[in-house]
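Close look at the chain arrangement
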Amino acid sequence: MSIIVQKFGGTSVGSEEKIINVANRVIEEKQRGNDVVVVVSAMGKTTDGLVKLASNITSHPSKREMDMLLSTGEQVTISLLAMALQQKGYDAVSYTGWQAGIVTEAVHSNARITEINTVKLKKSLNEGKIIVVAGFQGMTASGEITTLGRGGSDTTAVALAASLHAERCDIYTDVDGVYTSDPRYIENARKLTSVSYDEMLELANLGAGVLHPRAVEFAKNYQLPLEVRSSIEKVEGTLIEEEATMEQNLIVRGVAFENEITRMTVFGLKNAITGLSSIFTTLAKHHINVDIIIQSQTEKNCTNLSFSIHEHDLGQAISVLEDNKQTLGFTHIEHESGLAKVSIVGSGMISNPGVAAEMFEVLAEHDIIVKMVSTSEIKVSAVVDEQNMNKAAKVLHTAFDLDRVKVEQYSS
Ligand code: ADP
Ligand code: ASP
Ligand code: MG
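- The name given to the chain in an unreviewed UniProt entry is Aspartokinase, and the organism recorded there is Bacillus seohaeanensis.
- Taken from UniProt, the Sequence similarities (unreviewed entry) comment for the chain reads in full: "Belongs to the aspartokinase family."
- As its UniProt record puts it under Catalytic activity (unreviewed entry), the chain is described as follows: "L-aspartate + ATP = 4-phospho-L-aspartate + ADP".

Shown next, in the form of structure tokens:
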């Protein structure tokens, strides 16, 4: 008997009716003769609601208590889905993350799964039960509840699938697959039949919220076939696999974008060699993620350093650097908020030089100023003003032929 892991996201379990619909999708899989493990998110916008509740109490909630609070959302859904399955005559049991044996590192709000103890899950599967597991949560070795970062239920599902040696992991959501760009904003986005792990990892890391980046990382590491599918329509989704078919010889497979980016510049760094490492070590110690880095020599032994961070880390980044100004040895800091990053991704870039040049040409033609750039083998990212983000994504989508064939267009 094969094990199939299914994951249903927040909008797919947003009401009692939707939970009953999910129960039907689960039963269909069970009736095909498979063992089924289902991972669910909190209902609809529950997690956002919980964040808001906390913000009404304090602007600095402790990360431990936030995890305690946010992990409650998923617990509501698992019990309701298990009840819906039982109501339809199926033996089902719900487990929280820790009951399901999910162990994480001791980091609140963005923990990584380190281990899954599958004894209990295997026992329940052997008893013929459908298992419903709360996504997005785990427990540290010392018994503290943790969460896996927003969107982390995808990672719960893929990690469970890997440790149970599942045949497949299906991610059911409110779109029917991975599109060439976010179909909510790019009307000509079209569904991809398949996309490679590496491309999907870049897209997810660069803002394509359809999959949690760590879920893709797990799937790649364990060579687990992953499919993104619609929880409503019964149509084929997008397969994420090692080698994706090169649809229409596309060089660029997708355009991703994210806003709320800030560029910080540290001026007059005295000792470029040690200063550089000290600055980034100091930021890393405070869990501040730095993305694009640009270094420039102004005069002898004096360096300016620009880097991008997420806007929500700005306050902390400034205070951490100012607190250590003497030791770090710089003159002053400036920052520019209201920026966005627009990226093009595709394995085809490896064998096609000139893609970055074409990207900058297209942006220039549309009067979009590029403020920072970063590249890898299969992506080029440009930081632009936030108000230019959608326009940049649209013109790049068109320029790289992504809206040429309008198949299975998304309608919300
Ligand atoms: P869930 O609650 O099921 O986890 P998410 O909201 O996390 O759903 O992910 C689905 C959303 O991801 C879609 O509604 C879509 O707007 C967004 N999205 C962003 N980029 C893409 C993309 N390239 N392809 C498909 N959807 C995308
Ligand atoms: N409920 C969590 C969130 O909204 C986790 C998830 O949905 O994947 O981020
Ligand atoms: Mg999600």
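Thoughts on the packing of aromatic side chains
- Following the criterion strictly, the structure yields 4 aromatic pairs and no others.
- Aromatic pair F8 and Y172: ring centres 4.6 Å apart, planes at 10°, arrangement stacked. One end of the pair, F8, is in strand β1 (residues 3-8); the other, Y172, is in strand β9 (residues 168-173), with 164 residues separating them in the sequence.
- The exposure class assigned to F8 is buried, which follows from its relative accessible area of 0%.
- Exposure remark for Y172: the relative accessible area of 3% places this residue in the buried category.

A look at the side chain of T146
- By the element assignment, T146 lies in strand β8 (residues 145-147).
- In this structure the side chain of T146 is engaged in a polar contact, spanning 2.7 Å, whose partner is the side chain of T104.

Description of the pairing of strand β11 (residues 226-230)
- For β11, the buried fraction is high: 5 of the 5 residues fall into the buried class.
- Here β11 shows two buried faces, one formed by L226, V228 and S230 and the other by E227 and R229.
- Taken together, the 5 bridges between β9 and β11 define a ladder with parallel strand orientation. Directly across from T173, in β11, lies its bridge partner S230.

Quick word on a nonpolar patch on the surface
- On the surface, a nonpolar cluster with roughly 240 Å² of combined accessible area is contributed by V76, L80 and M83.
- Examined against the element boundaries, L80 turns out to sit in helix α3 (residues 63-87).

Observations concerning the sheet that holds strand β16 (residues 332-345)
- Spatially, β14-β15-β13-β16-β18-β17 is the arrangement adopted by the 6 strands of the open sheet, whose pairing is antiparallel. Since the sheet does not close on itself, it has two edges, and those belong to β14 (293-299) and β17 (372-376), each with one partner. Averaged over all pairs of adjacent strands, the angle between their axes in this sheet comes to 30°, without regard to strand direction.
- As judged from the 6 bridges shared by β14 and strand β15 (residues 302-310), these two strands associate in the antiparallel manner. Of the residues in β15, the one forming a bridge with Q297 is T303.
- Along the sheet, helix α6 (residues 197-205) contacts β13 (254-269), β16, β17 and β18 (379-385); its crossing angle with β13, the most-contacted strand, is approximately 60°.
- Along the sheet face, helix α11 (residues 355-365) touches β16, β17 and β18 and points at about 20° away from the line of β18.

Rules behind the numbers
- Residues numbered from 1 in each chain as written.
- Chains lettered and ligands numbered in written order.
- Predicted model: local features only at pLDDT ≥ 70, side-chain atom pairs only at ≥ 80, totals over all residues.
- Heavy atoms only, no water.
- UniProt positions renumbered as here; feature names shortened; annotations may be inferred.
- Phe/Tyr/Trp six-rings, centres within 6.5 Å; stacked < 30°, edge-to-face > 60°.
- Helix = DSSP H or I, 4+ residues; strand = E, 2+ residues; numbered from the N terminus.
- Buried < 20%, exposed > 50% of the residue type's maximum accessible area, 1.4 Å probe, protein only.
- Polar contact = N/O pair within 3.5 Å; in protein donor to acceptor, adjacent residues only side chain to side chain.
- Pairing = 2+ DSSP bridges.
- Patch = residues over 30% accessible without salt bridge, like charges linked within 9 Å, V, L, I, M, F, W, Y side chains within 5 Å.
- Areas by Shrake-Rupley, 256 points an atom, 1.4 Å probe, with all protein chains shown as cover.
- Salt bridge = Lys/Arg side-chain N within 4 Å of Asp/Glu carboxyl O.
- Axes fitted to C-alpha atoms, helices over the stretch in contact; angles between N-to-C directions.
- Contact = heavy atoms within 4.5 Å.

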